[in-house]
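# Coordinates in review
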Amino acid sequence: MSYPGSQDTIAAIATPPGRGGVGIVRIAGPRVRDIARALLSSIPPPRYAKYGQFLGENAQILDEGLALFFPAPHSFTGDDILELQGHGGPVVMHLILQRACALGARLAKPGEFSQRAFFNGKLDLAQAEAVADLINSTTDAAARSALRSLQGEFSKRVRGLVDAAVALRMYVEAAIDFPEEEIDFLADAQVQIRVSLLQQNIENIVREAQQGVVLNDGMQVVILGQPNAGKSSLLNCLAGRDSAIVTDIPGTTRDVLREQIQIDGMPLHIIDTAGVREGADIIEQEGIRRAWAEVARADRVLLLVDDVSGISAAERAMLRDVPADVAASIVFNKIDKSGRAPGIGVWEGYASVAIAAKTGLGIEALREHLKNAMGYQGEGEFLARRRHLDALQRARAALMRGVDALRSARAGDLLAEELRIMQAALNEITGEFDNEALLDKIFSSFCIGK
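Rules of the game
- Residues numbered from 1 in each chain as written.
- Predicted model: local features only at pLDDT ≥ 70, side-chain atom pairs only at ≥ 80, totals over all residues.
- Heavy atoms only, no water.
- Helix = DSSP H or I, 4+ residues; strand = E, 2+ residues; numbered from the N terminus.
- Buried < 20%, exposed > 50% of the residue type's maximum accessible area, 1.4 Å probe, protein only.
- Contact = heavy atoms within 4.5 Å.
- Areas by Shrake-Rupley, 256 points an atom, 1.4 Å probe, with all protein chains shown as cover.
- Axes fitted to C-alpha atoms, helices over the stretch in contact; angles between N-to-C directions.
- Parallel < 35°, antiparallel > 145°, perpendicular 65-115°, else oblique.
- Left-handed = near helix turned anticlockwise from the far one by under 90°.
- Nonpolar A, V, L, I, M, F, W, Y, C, P; charged D, E, K, R; others polar.
- Pairing = 2+ DSSP bridges.
- Core = buried A, V, L, I, M, F, W, Y, C linked by side-chain atoms within 4.5 Å.
- pLDDT = per-residue confidence, 0-100.
- Salt bridge = Lys/Arg side-chain N within 4 Å of Asp/Glu carboxyl O.
- Phe/Tyr/Trp six-rings, centres within 6.5 Å; stacked < 30°, edge-to-face > 60°.
- Lys NZ or Arg CZ within 6 Å of the ring centre and 35° of its normal.

Quick look at the overall build of the chain now. A count of helices and strands for the chain gives 15 helices and 13 strands. Residues counted as buried form 49% of the 450 residues belonging to the chain. Here the analysis covers contacts within the chain between residues at least 6 apart in sequence; of these, 67% occur between residues at least 24 apart. Just so you have it, the chain exposes about 21,000 Å², and 51% of that area is on carbon and sulfur atoms.

Here you go:
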């Protein structure tokens, strides 16, 4: 496989923008050796760090530092790669990058190094995505799971499913092609055993992928309520710092405030919103509009209620306005004043939690509720993305359709066709398919130097 520009030599700054002690320029492609001779006067020995000067057009010194050369195919991308480790100032890095481009390289697109690794067979698609996920990890658990995905744990599990589906499909199709054998699919122990194992294995991996998605994406929680219900106090309590201004004046919060924390390794994106009320001024009205926009994108809404006053008609109206596909919980706040016991309960069919945000009473129960709401069971064997879970669920649905056809109509040909559909869905995860648009979309989300 290849893509337009795959034979170009590409270059990029591989360290984050800004100033630092060390900055890295990465160059990959067929012109790397010529660029090394011009920039360094010689090609460094493979896989050894060589100290030297980085030279400009008329042999003027641009910088000095370490150069590492990784000859093809034994490199991250499978191409010749040169890495120049110089001083990490933006001007210095730009001069080195500019010199590499003058010598025949072009600027790399976002994710193009990982894209080359995929097309050159150094990584499958799930592993390539794990590179970006490892870089973007926001918790220790997510980083460990992403590393296991990068090392091939997820891909190995998926390929195991593919191999089992292919083996069963071959067995079924062979029986269809040789009807003189008179195999009764329902009575055939081999078919029953293989189907049962395949169903069990895909259920297991779907369950683990769901954990991986939660670990990767986290949970987006919007705190909704009337002014002075204690929304900002709850945000500060969960975040463990004074992120939001807390006063007794209604309407203090007029914009959306965000905090990111973790609960036992699960990333939690908390969003505090403007208090929803009638008669708000024009600035508050914009804050309320933004609040409802965040609600529409949330995984869960926490409707915060002042437990001293009880749930009002306006708060009941807010609950009705929460979109049907967004889960909601009632959080009774200020129980230090109302006397309600802390903990998890149910209110008119909604999950509820009783807390005191200012004192922290009941906050552990709220944390536990949020974990349970996402089905989070702790660190998984691998990290997954929503597209992986979607592919797995389509594969599971295809298998179930095939099994139903076999049991209801003894239709081995339909089982074989659904196994083919299942295999195609699973291959989307590792990239063993040809969909250039999808690949471009995936790799374009990576950072420039990867």
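Structure shown, so let's carry the discussion forward.
So, about helix H8 (residues 231–239). Within H8, seven of the nine residues are buried, which leaves it mostly tucked inside the rest of the structure. For H8, the complete set of buried residues consists of Lys231, Ser232, Ser233, Leu234, Leu235, Asn236 and Leu238. On its buried face, H8 sits against strand S7 (219–225), strand S8 (257–263), strand S9 (266–272), strand S10 (300–306) and helix H12 (363–373).

Packed helices, taken two at a time, are described by the angle their axes make and the gap between the axes. Viewed as axis vectors pointing N to C, helix H7 (residues 189–217) and helix H13 (residues 386–409) meet at an angle of 160 degrees, and their least axial separation amounts to 9 Å. Between H7 and H13, the interaxial angle falls into the category roughly antiparallel. Relative to H13, the crossing made by H7 is left-handed. For the contact of H7 with H13, the per-class residue count stands at 15 nonpolar, four polar and five charged.

As defined by bridge partners, S8 adjoins S9 across seven bridges and the pair is classed as antiparallel. Across the sheet, the residue bridging to glutamate 259 is isoleucine 270, located in S9. The antiparallel pairing of S8 with S9 creates a hairpin that spans two residues between the two strands, and aspartate 264 there sits at a positive phi of about 50 degrees.

Turning our eyes to something else, we now look at H12. Of all the residues in H12, the buried ones are Ile363, Ala365, Leu366, Arg367, His369, Leu370 and Lys371. Immediately downstream of H12, the backbone of glycine 375 shows phi near 70 degrees, a positive value.

Let us look at the sheet that holds strand S6 (residues 106–107). The pairing of strands in a sheet happens through backbone hydrogen bonds and is either parallel or antiparallel. Within the open sheet, the six strands sit side by side as S3-S4-S5-S2-S1-S6. Their pairing is mixed. Of all strands in the sheet, those with a lone pairing partner are strand S3 (50–55) and S6, marking the two edges. Of the strand pairs in this sheet, strand S1 (residues 10–13) and strand S2 (residues 20–28) are connected by four bridges, and their pairing is antiparallel. Opposite alanine 11, over in S2, you have isoleucine 27 as the bridge partner. Those strands touched by helix H3 (residues 112–119) are S1, S2 and S6, and its axis lies near 135 degrees from that of S1.

The N-to-C vectors of helix H4 (residues 125–136) and helix H5 (residues 140–150) enclose an angle of 155 degrees; their axes lie 8 Å apart at closest approach. It follows that H4 is roughly antiparallel to H5 by the angle criterion. You can see that H4 and H5 cross each other, and the crossing is left-handed. Contacts from Gln127, Ala130, Val131, Asp133 and Leu134 in H4 reach Ala143, Ala146, Leu147, Ser149 and Leu150 in H5. Tallied by class, the residues present in the contact of H4 with H5 amount to seven nonpolar, two polar and one charged.

As a further point, take the nonpolar core. Counting residues in each nonpolar core, the largest one holds 33 residues, and the members touching the most others are Leu392 and Met422. When residues no more than four places from it in sequence are discounted, the contact partners of leucine 392 are Phe154, Leu161, Ile202, Ile205, Val206, Ala209, Leu426 and Ile429. Counting 29 residues, the second largest nonpolar core, distinct from the first, contains Val214, Leu268, Ala365 and Leu383.

Bringing the sheet that holds strand S11 (residues 327–333) into the picture now. The sheet built from seven strands is open, its strands ordered S8-S9-S7-S10-S11-S13-S12 with mixed pairing. Of all strands in the sheet, those with a lone pairing partner are S8 and strand S12 (343–347), marking the two edges. Here the average twist between neighbouring strands, direction ignored, is 30 degrees. Pairing of S11 with strand S13 (residues 350–354) involves four bridges; the strand directions are parallel.

For the rest of this paragraph, the subject is the confidence of the model for the chain. Taken as a whole, the chain shows an average pLDDT of 85; of its residues, 86% reach a score of 70 or greater. Segment residues 244–254 is flagged for pLDDT under 50; beyond a separation of four residues in sequence, or across chains, it makes 32 contacts in the model.

Here we come to unusual backbone geometry. Most peptide bonds take the trans configuration, and most residues that are not glycine carry a negative phi. Note the cis peptide between alanine 72 and proline 73, where omega equals 0 degrees. With respect to the element layout, proline 73 can be found in the loop between strand S4 (61–70) and strand S5 (81–88). Non-glycine residue lysine 334 carries a positive phi angle of around 65 degrees.

Glancing now at the pattern of salt bridges. This model, assessed by the stated rule, comprises 25 salt bridges. The residue aspartate 306 makes a salt bridge to lysine 334 at a minimum N-O spacing of 3.3 Å. On the criterion of sequence distance, the pair formed by aspartate 306 in strand S10 and lysine 334 in the loop between S11 and helix H11 (335–338) is long-range, its members being 28 residues apart. Lysine 334 matches aspartate 306 in its accessibility class, with the two residues each being buried. One salt bridge in this structure joins glutamate 368 and lysine 371, with 3.6 Å as the shortest N-O distance. One end of the pair is glutamate 368 and the other is lysine 371, both in helix H12 and three residues apart, which spans about a single turn. Linked through salt bridges whose partners overlap, the residues forming this network are Glu129, Asp133, Arg385 and Arg387.

The next subject is the packing of aromatic side chains. Taken as a whole, this structure holds three aromatic pairs when the rule is applied. Looking at arginine 26, its charged tip hangs above the ring of phenylalanine 113, at a distance of 5.4 Å from the centre. Arginine 340 extends its terminal NZ or CZ atom over the ring of phenylalanine 332, reaching a point 4.0 Å from the ring centre.

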